[in-house]
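Understanding the architecture of this molecule
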Amino acid sequence: MNKPLLPEPPPLDLDRSALFLDYDGTLVGIAPTPAEARADDELRDLLRDLLVRLNGAVAIISGRRVADIDHFLAPLRLTVAGLHGLELRRHDGSLVQCAAADDSLERVRAAFRSFVARNPGTLLEDKRLTVALHYRLAPSAAEEAAVLAARLAEESGGTLRLQQGKMVVELLPAGRDKGRAIEDLLALPEFAGRDPVFVGDDVTDEAGFLVVNRRGGISVRVGAADHPTEARRCLADIGALRRWLHASLAR
Ligand SMILES: [Mg+2]
């Protein structure tokens, strides 16, 4: 596979940047199951330092629930866009947005549940506002899972959209994505007027890269791209991202 030759990002300008970070596959390795992704102490300290030095302009942009990210980072609390932007919560605890549960997800829940019963190793993750089907431990189920998810999205008549990720398909209410989450956060006082920097690793992060590029910010992909990417900068892996952040703090 041809790897795009993207340059590394310049050091982060702590006085002018707003930093947006994906979580899984970007800040921590992808765990075998979604529940096993706790932050280590070094990461927690690093994020705490960034929160202080960026004057609050740092946020996690994740497909997970805000409550899950809080749990992984505890006792640290950051601004988090969860569920691809369906939830937004600031680091001071105030809630910016929380979408209502969508009845059309009931059919998805039932269909995924019966899929999991037929395909050992697959896993249903019910995040209330979205429903995900993981097949990391059952890769042979990938195609059937993708076909099922695409059919469910189509049958929703536009109320739900399909989000593909690494070894996961997810159905969520249409209209929100990581790019819109970043735009909403940039309207808050602690982020406004700063240049957005977004770091991510997966297909779900592409919407965020587009928004950041449009606003003249810096889009950074972690790892070699296994899909076409809009990111204009690249860091080789999670370790390289952490070194880049540490180096930016040390300047
Ligand atoms: Mg990721």
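Coordinates for the structure precede this section.
A few points on the structure. Along each chain, residue indices are assigned from 1 in the same order as the chain's sequence is written. Where totals are concerned, whole chains, interfaces and linings use all residues; where local detail is concerned, this predicted model gives features only for residues with pLDDT of at least 70, and gives and counts side-chain atom pairs only at 80 or more. Here the side-chain values reflect all heavy atoms present in the structure, with hydrogen atoms and water set aside.

**Some details on the overall build of the protein chain**
Put simply, the rule reads: Put simply, DSSP H or I for four residues or longer makes a helix, DSSP E for two residues or longer makes a strand, and each gets a number counted from the N terminus. Restricting the calculation to C-alpha atoms gives the radius of gyration, and the globule rule supplies 2.2 Å times the number of residues raised to the power 0.38. Categorising residues by exposure relies on relative accessible area from a 1.4 Å probe, with only protein chains included: less than 20% of the type maximum marks a residue as buried, more than 50% marks it as exposed, and the intermediate range marks it as partly exposed. Contacts were defined at the residue level, with two residues in contact if any of their heavy atoms lie within 4.5 Å.
In terms of helices and strands, the protein chain carries seven helices and twelve strands. The C-alpha radius of gyration of the protein chain comes to 18 Å, within 12% of the 18 Å expected for a compact globule of 251 residues. For the C-alpha atoms alone, the extent of the protein chain along its principal axes is close to 55 × 40 × 35 Å. Buried residues in the protein chain amount to 53% of all 251 residues. Considering only intrachain contacts with a sequence separation of at least 6, the fraction spanning at least 24 residues in the protein chain is 59%.

**Considerations on the sheet that holds strand E10 (residues 195–200)**
By definition, the strands of a sheet pair up through backbone hydrogen bonds, in either a parallel or an antiparallel sense. This is how it is decided: Pairing between strands is defined by DSSP: at least two bridges between them are needed. Under this scheme, a helix contributes an axis fitted over its contacting stretch, all axes are lines through C-alpha atoms, and angles between N-to-C directions fall in the 0 to 180 degree range.
Spatial strand order, E5-E4-E3-E2-E1-E10-E11-E12: eight strands in an open sheet with mixed pairing. Both edges of this open sheet fall to strand E5 (95–98) and strand E12 (233–235), since each of them pairs with a single strand only. Ignoring which end each strand starts from, the neighbouring axes of this sheet average 20° apart. Packing of helix H2 (residues 66–73) onto the sheet brings it into contact with strand E2 (58–61), strand E3 (79–82) and strand E4 (87–89), and relative to E3 it is tilted by some 135°.

Remember that the coordinates give geometry; whether it matters functionally is a separate question.
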